[in-house]
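Here is what each chain is made of, one letter per residue.
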Amino acid sequence: MILGIETSCDETAAAVITQEGAIRSSVVSSQADLHARYGGVVPEVASRRHLELVVPVVRAALAEGEATLDDVELVAVTAGPGLIGALLVGVAAAKALAWSRRLPLAAVDHLQGHVASLYLEPDPLEPPFVCLLASGGHTLLLDVRDRSARPRVLGSTLDDAAGEAFDKGARLLGLGYPGGAAVDRLAREGDPDAYAFPVARVPGLDFSFSGLKTSLLYAVRELDADEVEPRRADLAASYQRAIVRALVERTREAAASVRAERIAVVGGVAANSELRAALPDAALAPLPLCTDNAAMIASAARFTGAISYPRYLALDAYASSA
Ligand code: KG4
Ligand code: ZN
């Protein structure tokens, strides 16, 4: 059994999976409500909350997985990228648990974790494939050739991440934080052709979303205060359509550039219903595994190699990959 722990942003998560990749439990405690009033994640507030939640969440994952620490053979934890104080809470907890049982520990890269959400039962995906990883912090096109090697980056965003574009749009529309799911829901009631929001086409396989958010801002500003509410669904639908179009076009171009036969989509934005519908032939991470969770971290640990007891006591977290 592998115990996974994830605390890179504002979800405190723990999961128990088998070596074969069957999920026994996946517990995610979101702090979104805690940060909503600030309109975004406050790093120091997140760290403190992780500290309170990490032990109860690990306990809950073990209980739901009908496992005890005696069943755990490997502890896996997100070492980065993410908020450094938040990561340190998970890393310290994982070290303490592994050390107390003389277990090995796997330091997992959060982005590799998102990709490894595709390798879990009941429908594990076999490389090669081109993977769109779209989350609150990243938008990457990856050429995935095997499960263990670091994938080649074919494209990434030059400014905002796709999830960030959703969150900033949601904020402009008064939909609260985090806004991706709220935009998704509201867009279903609106007309995606009501507004023509352009997405900048940059050379190569990269993305740029910051101009889009500015066009939404101008569209909202042009309306009188009492006009915003009745147009909100149309604005959301048109804005979402522009993001989804850019993601789908670039992903198909990336797949063609390396002659990949399969496309996969992971990360929080992979939960978006329009994006899922626009890529019917793609391998899509199951909904509960799109947003941050620890099952994907435990899954990645199966392919990354573990650090033996007690060498990992020197392990450090890292805020960014570069
Ligand atoms: O992967 P994730 O949970 O965290 C990061 O690693 O960043 O992704 C969170 C992002 C947020 O920006 C959130 O607004 C977005 O995923 N998201 C969505 C949807 N659900 C979550 N974006 C669009 N449509 C959704 N249904
Ligand atoms: Zn993530």
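Residues numbered from 1 in each chain as written. Chains lettered and ligands numbered in written order. Predicted model: local features only at pLDDT ≥ 70, side-chain atom pairs only at ≥ 80, totals over all residues. Heavy atoms only, no water.

A. View of the pairing of strand β2 (residues 11-17). Counting buried positions along β2 yields seven of seven residues, so the element is predominantly enclosed. Residue alternation in β2 divides its side chains into two sets, Glu-11, Ala-13, Ala-15 and Ile-17 and Thr-12, Ala-14 and Val-16, and both sets are buried. Linking strand β1 (residues 2-6) back to β2 in an antiparallel pair, the connection comprises four residues. Judged from the seven bridges that link them, β2 and strand β3 (residues 23-30) form a sheet pairing that is antiparallel. Opposite Ala-13, over in β3, you have Val-28 as the bridge partner. (Buried < 20%, exposed > 50% of the residue type's maximum accessible area, 1.4 Å probe, protein only. Helix = DSSP H or I, 4+ residues; strand = E, 2+ residues; numbered from the N terminus. Pairing = 2+ DSSP bridges.)

B. Structural view of the side chain of His-35. Tracing the sequence through the fold places His-35 in helix α1 (residues 32-36). Overall, His-35 belongs to the buried group, its relative accessible area being 0%. Excluding residues that lie within four positions of it along the chain, His-35 makes contacts with Asp-10, Gly-40, Val-41, Val-42, Val-45 and Ala-46. (Contact = heavy atoms within 4.5 Å.)

C. Representation of the coordination of the zinc ion (ligand 2) within the structure. Every protein donor of the zinc ion (ligand 2) is accounted for by His-110 (NE2), His-114 (NE2) and Asp-292 (OD), and the metal-donor separations fall at 2.0 to 2.1 Å. Bound by four donor atoms, the zinc ion (ligand 2) shows angles of 96 to 140 degrees at the metal and therefore irregular coordination geometry. Positions of the donor residues of the zinc ion (ligand 2) along the chain correspond to the pattern H-x3-H-x177-D. With His-114 in helix α4 (residues 110-116) and Asp-292 in the loop between β10 (283-284) and α10 (295-304), this pair connects stretches of sequence that are 178 residues apart. The exposure class of His-114 is buried, given its relative accessible area of 1%. Taking relative accessible area as the criterion, Asp-292 reaches 14% and is therefore assigned buried. (Donors = N, O, S within 2.8 Å, 3.2 Å for Na, K, Ca; no water. Tetrahedral: all angles 85-135°; square planar, octahedral: opposite > 155°, others 65-115°.)

D. Seen up close, the sheet that holds strand β5 (residues 105-109). Read across the open sheet, the five strands follow the order β3-β2-β1-β4-β5; overall the sheet is mixed. Every interior strand has two partners, whereas the edge strands, β3 and β5, have only one. Strand-to-strand twist across the sheet, computed as the mean angle between neighbouring axes with direction ignored, equals 20 degrees. Pairing of strand β4 (residues 74-80) with β5, which is carried by five bridges, proceeds in the parallel orientation. For Val-77, the partnering residue across the bridge sits in β5 and is Ala-107. Relative to β2, helix α2 (residues 43-64) is tilted by about 25 degrees, and along the sheet it contacts β1, β2 and β3. (Axes fitted to C-alpha atoms, helices over the stretch in contact; angles between N-to-C directions.)

E. Structural view of the site of ligand 1. Around ligand 1, the surrounding shell holds 18 residues, and the nearest of these are Gly-136, Asp-167, Gly-180, Asp-184 and Asp-292. A distance of 3.1 Å is found between an oxygen atom of ligand 1 and a backbone nitrogen or oxygen belonging to Gly-163. Gly-180 is positioned such that a nitrogen or oxygen atom in its backbone is 3.0 Å from an oxygen atom of ligand 1. A total of 560 Å² of accessible area belongs to ligand 1 in isolation, and the protein chains cover 88% of it. Listed by contribution, the elements that provide at least two residues to the shell around ligand 1 are α4, α5 (162-172) and α6 (180-187). Taken together, the residues that form the shell around ligand 1 break down as five nonpolar, ten polar and three charged. Among the domains, domain 1 (2-118 + 291-314) and domain 2 (127-261) are the pair contributing at least three residues each to the shell around ligand 1. (Near = heavy atom within 4 Å. Polar contact = N/O pair within 3.5 Å; in protein donor to acceptor, adjacent residues only side chain to side chain. Areas by Shrake-Rupley, 256 points an atom, 1.4 Å probe, with all protein chains shown as cover. Nonpolar A, V, L, I, M, F, W, Y, C, P; charged D, E, K, R; others polar. Domains from an automatic or database assignment.)

F. Seen up close, the domain arrangement of the protein. We note that the domain assignment places domain 1 (2-118 + 291-314) and domain 2 (127-261) within the protein. For domain 1 versus domain 2, the distance between C-alpha centres works out to 28 Å. Contacts between the two partners involve 14 residues from domain 1, matched on the other side by 15 residues from domain 2. Roughly 1,200 Å² of surface becomes buried between domain 1 and domain 2 when both sides are summed, with 67% attributable to carbon and sulfur atoms. At the junction of domain 1 and domain 2, the tally comes to one salt bridge. Its salt-bridge partner being Asp-109, residue Arg-150 comes within 3.5 Å of it at the nearest N-O pair. Where domain 1 touches domain 2, the interface holds two residue pairs in polar contact (both at pLDDT 80 or more). Counting only elements with at least two residues in the side of domain 1 that touches domain 2, the list comes to α1 and α4. For the side of domain 1 that touches domain 2, the element with the highest residue contribution is α4, accounting for four residues. (Buried area = accessible area lost by both parts, 1.4 Å probe. Salt bridge = Lys/Arg side-chain N within 4 Å of Asp/Glu carboxyl O.)

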